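Examination of the molecular architecture
Spelled out, the chains give:
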Amino acid sequence: MSSALAGYLARRVGQAVLVLWAAFTVTFAILYLLPSDPVAVMLGGGQGEQVDVDPAQLAALRAEHGLDDPLPVQYAAALWRTLHLDLGTSISNGAPVTRLIADALPQTALLAAAAFALALVLGVATALASTWARWGWVRSLLLALPPLGVSLPTFWVGLLLIQLLSFRVPVFPALGNEGAASLVLPAVTLAVPVSASIAQVLARGLRTALAEPYVETARAKGASRARVHLRHALRNATIPALTIAGVIVGNLLAGAVVVETVFSRVGIGRLTVSAVNGQDIPLVQGLVLLAAAVFVATNLVVDLLYPVVDPRIRLLGGARASARRTARATARPVVGSTS
Amino acid sequence: MSSTSRPAPPESVLDVLEIEQRYRRRAGALGARRARRPGRRLPAWVRRPDLLLAVAVVALVLAWALVPSVFTGQSPIDGVPADRLQGPSAAHPFGTDHLGRDLFARVVHGSRLTLQATVLAVLIGLVAGSAIGLVAGFVRGVVDDVAMRVVDVLLSIPALLLSMALITALGFGTVKVAIAVGIGTVANFARVMRSEVLKVGAAVYVEAARASGVRTSAVLLRHVLPNAAGPVLALSALEFGIAVLAVSALSFLGFGAPPPAPEWGSLVSGGRDYLATAWWLTTLPGLVVAAVVLSANRIARALERRTAA
Amino acid sequence: MSAPLLQVSDLRISYGSGSHRREVVHGVSFEVHPGEVVAVVGESGSGKSTTAHAVVGLLPASGAVDGGSVRLEGEELVGLPERAWRSVRGARIGLVPQDPTLSLNPVKRVGEQVAEALVVHGLARGAAARAQAVELLTAAGLPDAGVRARQYPAELSGGMRQRVLIAVGLAAGPRLLVADEPTSALDVTVQRQVLDHLEHLRRESGTAVLFITHDLAVAADRASRVVVMSQGRVVETGSARQVLTAPRHPYTASLVASAPSLSSARVTALPRAAASAVPAPAAPAAPVGRAAAGAGEPLVQVRSLVKEFALPGRGRTQRAVDGVSFSIGRGETLGLVGESGSGKTTTARLVLGLERPTSGQVLVEGRDTAGLRGRAWRELRRRMQLVYQNPYASLDPRVAVGETVAEPLRAFGVGDRASRRRRAAELLEKVQLPADVLERRPAELSGGQRQRVAIARALALDPELVVCDEPVSALDVSVQARILELLVQLQADQGLSYLFISHDLAVVRQISDRVGVMRHGELVELAPTAEVFTRPRHPYTVELLEAIPGRRALEEVP
């Protein structure tokens, strides 16, 4: 391993840790510093209803959650606990936040994995087909699909699928977590916007790559369309597409919030909705941190993949990496949030 | 403010030169071609009817929000119990709900709350994000580094979750949803504005203006901002669509205005109990959301293409 | 005489569709015989590249052959289905593309890219193909081909990449090689080496070459026959020598006249009053500058200028400019020549104060300007202005030409709106642009017109020194010549001093009083123009002089 590459990797890991710490700080700031009084919120049981609060009870709760300490002390204590993977206890039912998350995670991971696999296949296929097709109208049709996919509200797609495939033609169950069949509709719903994002970015990358002079060189050698697409353009188009991997994973998590609500599935998404409804601050913070951690981990994996896909990073290390960083920062957000 | 740019590593300088040469060739070819093209051109709306349709859809829903009574005479709040759960008809184009309220009236009136929240959210993102991006891109140095790290962090949390965390702290309601969604879009505006400012700031014509003695503030106003504004405008249209989706999703999840006030998201969620019997209750309001978002995307693409050309 | 290998007859090509369809190649005919080198020469928009692409069947999607024929060894290529084309491309017609930086796939090893040309035609596979690729690279003149074959394009220099592309083009043993501006992106010395080697390979293999270039001198050097194209038509065909020495078509004649490397005469200014008179011969037109240059203090003095850039990584730096000293007299033109990376542009930017030197001084009338900031730095703009290389990038696309020209006046609060407008109109007249250009935007102007606008802007504040950074290298030769004439005329009228930066020794010769040659950041030679060309002292200068194209065709006995 070259020193350029080692330096590149060390910087990536360092940045990942930094982003996580900052994400913790931001959520702490949002949840504990905004005007609302967490304790009053806790006692009010959400929805801001005013309850007559016994001052003694209030003080006790403050002490219990360390809220009567000076702010820096609170922050340091919270950070210290979080570093030990202790995210506190849920206000609504007193269970440790980590346990609640651990219980819900497998179902969501399953849903997200299924949706991602589906989205990857659909997205790559659409992108390849849209640049491959010889007839103009087929190309236009395929190119119109991704913008449509990112425009459809996820909750609406889910409800439409239930109407059609659970009620009109009862093929799949409408609700619940039971069995593989119950996974199909939620996974398809979640895959629609994600596959559209993949298709959009990959198709854009393919079009760019196919216009590059090296494609002409390949064609001048006598290479076939298939060879030009798969051996030359696709690999170059993958590089910009990788930059949105973190966003894709974030979209899967955010999408799960809606999809699990629509299909009444147990999981991280439902947990989030109920945490927000109950203004369960420790639980919300734990869930946001989880999302940030997943995002950061994904980007770290992508950063490790870059040198494999793009030899220029292997050769030039930092210089290229910073160029790519800028590329990521400037990539147009063609990807809508999954809502 | 001196005009000296930061010493750049020669490799990247070479890269820039290469790109410039490419640009020169293409621009040269294009320029020559454009100059010779015959002058008669069809008006834009004939060549792109889908864009016209998209503009019409957005204009229509904005009109719904501003003057709902022009489009429907029926009350969005009070229903006629006898007419409950009727399918779409001439009297009720979108059908009626379980309380006999006209769904079309509820969608038209619902556009007020939903679009209010959307516009407010986009404005928050546009103003705050552009300001951050402009300062970061123009001042550079430490300010830029700090601002971009903050943006990185905001981007590391999925927008919907960030909005939900903010709602936890702020409480429920249309305006609070708008603020929560708006803060979620700040990062996007900031990075696009910054990258445009950097790009335009590195353009030869900007240096040429400086080298001919134009003051920094004048360079910023006359050259950088007008050239950077295009992509930010395109992003605003895109974010409008995304914000409609986010606002309706949060409203669907029950964080928006309390019933019976109509919002597009809560209208869809209200129809969930009648999925098997009254398809229109979920389908039609959702279709309106989809049409608006698709139209916003189409407009964004057209704006983006215009600024790219 | 043998049967032609390639026969193009009455070829018509158009771009676009529907009402936007426009014919760009109007009935072009020429032949290439086996083993022969034929050069197609033309300026941008002449259709030369389009014709070349039609020959390899790689027109862009919007282009189509409307009529005529392209026959390879008697077989019609026009209308060939894509599948059939595949066995023609590479195997029977090779292509050496224009841009060595972008024409190789950045994520594949170069050996693999050469081997691909063998693999797709079933000539070799796997290890055998790789071994053969190394042989081909060696033959193309790539040193250490075995090691290089395992590297990626980013690790090779421009010249090496072009050698790889030559290996790709020749890999499958085609009888015809189409070389589309194969060396235009390279430095002159590298260009010469690559072209010499290509010629050597061609002699050995007997491959015919269709050589596309904008440079008449290069074409004449390398080809036995030259086809001159203009606006989609062939205007002249003949032997290289005949085209250069006795052009029949007026267009060819003007091309020969404006090619800088073919003439040694200095561009001279006409007296304003006698603008219509016959230009005086070159010798007596003693440049206004030279007389003035002797008198008094030089306008600009540069002393031991050093500029270092930080390289990525800890504390490493690269010296872009290394101990450069020179002076520019009033009314004088100093030419700075060097290849890419020689530090000539950085030097110019240091003189202008757009970069800060690491050490050394820039004296303007004896006053050091290197450390100036703020107000004092801006005041310097009144005295020194810059004309950029690329007129497509140096004008704000959103601002009307009149405003661009008047902008420096506005910046210094000169006059009111109306007087600035009058001044802008005057300036445009001075650079010989029609008055209606005032309201137009840069996109509506040609490259040459844009460069005139940039010159007008540079003159707005009546500066004493104008730094011209490759002001003509983005332009066609005929336009180049006119811009150079304009610069000389303006100098004569206003007593300007020029610092003229160029990679092209021939262009510098046409305009400079003295010439400095830069290499690796150092000024290796500085002498009066005539001396540099007749008695070069530094070996690198000699090398540069020898690389100027257009000599062989005139010297060699046909």
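Residues numbered from 1 in each chain as written. Chains lettered and ligands numbered in written order. Predicted model: local features only at pLDDT ≥ 70, side-chain atom pairs only at ≥ 80, totals over all residues. Heavy atoms only, no water.

So, on to the overall build of chain C. Within chain C one finds 21 helices and 20 strands. Its C-alpha radius of gyration of 26 Å places chain C within 12% of the 24 Å reference for a compact globule of 558 residues. Along the longest, intermediate and shortest principal axes, the C-alpha atoms of chain C span 70 × 55 × 50 Å. With 558 residues in all, chain C has 56% of them scored as buried. Here chain C has roughly 21900 Å² of accessible surface; of this, 50% comes from carbon and sulfur atoms. Across chain C, the mean location of the 66 positive side-chain charges is 4 Å away from that of the 59 negative side-chain charges. (Helix = DSSP H or I, 4+ residues; strand = E, 2+ residues; numbered from the N terminus. Rg over C-alpha atoms; globule rule 2.2 N^0.38 Å. Buried < 20%, exposed > 50% of the residue type's maximum accessible area, 1.4 Å probe, protein only. Areas by Shrake-Rupley, 256 points an atom, 1.4 Å probe, with all protein chains shown as cover. Lys, Arg positive; Asp, Glu negative; His and termini not counted. Charge placed at Lys NZ, Arg CZ, Asp CG, Glu CD.)

A full pass over the atoms with the stated rule returns 44 salt bridges over all chains. When the shortest N-O distance is used, the salt bridge between E196 of chain B and K199 of chain B registers 3.4 Å. Here the residue E196 of chain B and the residue K199 of chain B both occupy positions in helix α8 (residues 174-201), the gap between them amounting to three residues, near one helical turn. A relative accessible area of 53% places K199 of chain B in the exposed class. Linking R222 of chain C and E199 of chain C is a salt bridge whose minimum nitrogen-to-oxygen distance equals 3.3 Å. Of this pair, R222 of chain C sits in helix α8 (residues 216-222) while E199 of chain C is found in helix α7 (residues 188-205), placing the two residues 23 residues apart along the sequence. Salt bridges sharing partners connect three or more residues here, namely E207 of chain B together with K307, R349 and E355 of chain C. (Salt bridge = Lys/Arg side-chain N within 4 Å of Asp/Glu carboxyl O.)

Any two packed helices are characterised by the angle at which their axes cross and by the distance between the axes. Residue and element names in this part refer to chain C. As a packed pair, helix α16 (residues 447-459) and helix α17 (residues 477-494) sit with axes 10 Å apart at the nearest point and diverge in direction by 20°. With respect to α17, the element α16 is oriented roughly parallel. When you trace α16 past α17, the crossing you get is right-handed. Residue-level inspection shows G448, Q451, R452, I455 and L459 of α16 in contact with α17, the latter providing V479, R482, I483, L486, L487, L490 and Q494. For the contact of α16 with α17, the class distribution of residues is seven nonpolar, three polar and two charged. (Axes fitted to C-alpha atoms, helices over the stretch in contact; angles between N-to-C directions. Parallel < 35°, antiparallel > 145°, perpendicular 65-115°, else oblique. Left-handed = near helix turned anticlockwise from the far one by under 90°. Contact = heavy atoms within 4.5 Å. Nonpolar A, V, L, I, M, F, W, Y, C, P; charged D, E, K, R; others polar.)

This brings us to the confidence of the model for chain B. Residues and elements named next belong to chain B. The share of residues in chain B with pLDDT of 70 or more is 84%, and the mean pLDDT across the chain is 82. Of all helices and strands in chain B, the one with the weakest mean pLDDT is helix α1 (residues 10-36) (33), whereas helix α5 (residues 103-139) scores best (93). Note that pLDDT drops below 50 for residues 1-40; the model gives that stretch 57 contacts with residues more than four away or on any other chain. (pLDDT = per-residue confidence, 0-100.)

Turning to the interface of chain B and chain A, a few remarks are in order. Many analyses report the size of an interface as the accessible area lost when the parts associate. Taken together, the contacts link 56 residues of chain B with 61 residues of chain A. For the pair chain B and chain A, the summed buried surface comes to about 5000 Å²; carbon and sulfur atoms form 70% of the total. Taken together, the links from chain B to chain A amount to one salt bridge. Among the ionic pairs, R204 of chain A bridges to E304 of chain B, the shortest N-O distance being 3.9 Å. Between the two partners, chain B and chain A, sit nine residue pairs in polar contact (both at pLDDT 80 or more). For the side of chain B that touches chain A, the class distribution of residues is 35 nonpolar, 10 polar and 11 charged. (Buried area = accessible area lost by both parts, 1.4 Å probe. Polar contact = N/O pair within 3.5 Å; in protein donor to acceptor, adjacent residues only side chain to side chain.)

We now examine the environment of E304 of chain B. Mapping E304 of chain B onto the fold places it in helix α12 (residues 280-308). Judged by its relative accessible area of 19%, E304 of chain B is buried.

A few words on the side chain of K221 of chain A. Within the fold, K221 of chain A resides in the loop between α9 (213-220) and α10 (225-242). One polar contact links the side chain of K221 of chain A to the main-chain carbonyl oxygen of Q113 of chain C, over a distance of 2.7 Å. When near neighbours in sequence (up to four residues on either side) are disregarded, K221 of chain A contacts R89, G90, Q113, E116, A117, V120, H121 and V168 of chain C.

Here the focus is the pairing of strand β10 (residues 233-239) of chain C. Residue and element names in this part refer to chain C. With six bridges connecting them, strand β9 (residues 225-230) and β10 associate as antiparallel partners. Bridged to V228 within β10 is E236. With antiparallel pairing between neighbouring strands as the criterion, β9 and β10 make up a hairpin whose turn holds two residues, including Q231 at a positive phi of roughly 45°. (Pairing = 2+ DSSP bridges.)

Moving on, we get to unusual backbone geometry. Glycine aside, the phi torsion of most residues is negative, and most peptide linkages are trans. All names here are of chain B. Following P259, the chain continues to P260 via a peptide bond in cis, the omega torsion being 10°. You can see P260 is positioned in the loop between α10 (216-252) and α11 (264-270). A positive phi angle, near 60°, is found at R140, a position not held by glycine. Residue position: R140 is located in the loop between α5 and α6 (141-156).

Looking now at α16 of chain C. Working note: α-helix, 3.6 residues per turn, so residues spaced by three or four point in the same direction. Between its terminal C-alpha atoms α16 of chain C stretches 19 Å, which fits the 18 Å expected from 13 residues at 1.5 Å a residue. Among the 13 residues of α16 of chain C, 12 are classified as buried, and the element is accordingly described as predominantly covered. (Expected span 1.5 Å × (residues − 1).)

Quick look at the confidence of the model for chain C now. Residue and element names in this part refer to chain C. Averaged over all residues, the pLDDT of chain C equals 87, while 93% of them reach at least 70. Counting interchain partners and residues more than four positions distant, the pLDDT-below-50 stretch residues 272-294 has 19 contacts. Under the prediction, the complex receives an ipTM of 0.85, its pTM being 0.82.

Bringing the environment of S166 of chain A into the picture now. Residues and elements named next belong to chain A. Within the element layout of this structure, S166 appears in helix α7 (residues 154-168). Its relative accessible area of 10% is what places S166 among the buried residues. Measuring from C-alpha to C-alpha, the distance between S166 and A181 comes to 11 Å, with 15 residues separating the pair along the chain. Excluding anything up to four places from it in sequence, S166 contacts L161, F172, P173, A174 and L185.

Another point: the domain arrangement of chain C. All names here are of chain C. On domain assignment, one finds that chain C holds domain 1 (1-92 + 175-249), domain 2 (99-173), domain 3 (272-383 + 463-556) and domain 4 (397-462). Listed per partner, the contact involves 18 residues of domain 3 and 15 residues of domain 4. Inspection of the region where domain 3 meets domain 4 yields zero salt bridges. Across the contact surface, domain 3 and domain 4 share four residue pairs in polar contact (both at pLDDT 80 or more). (Domains from an automatic or database assignment.)

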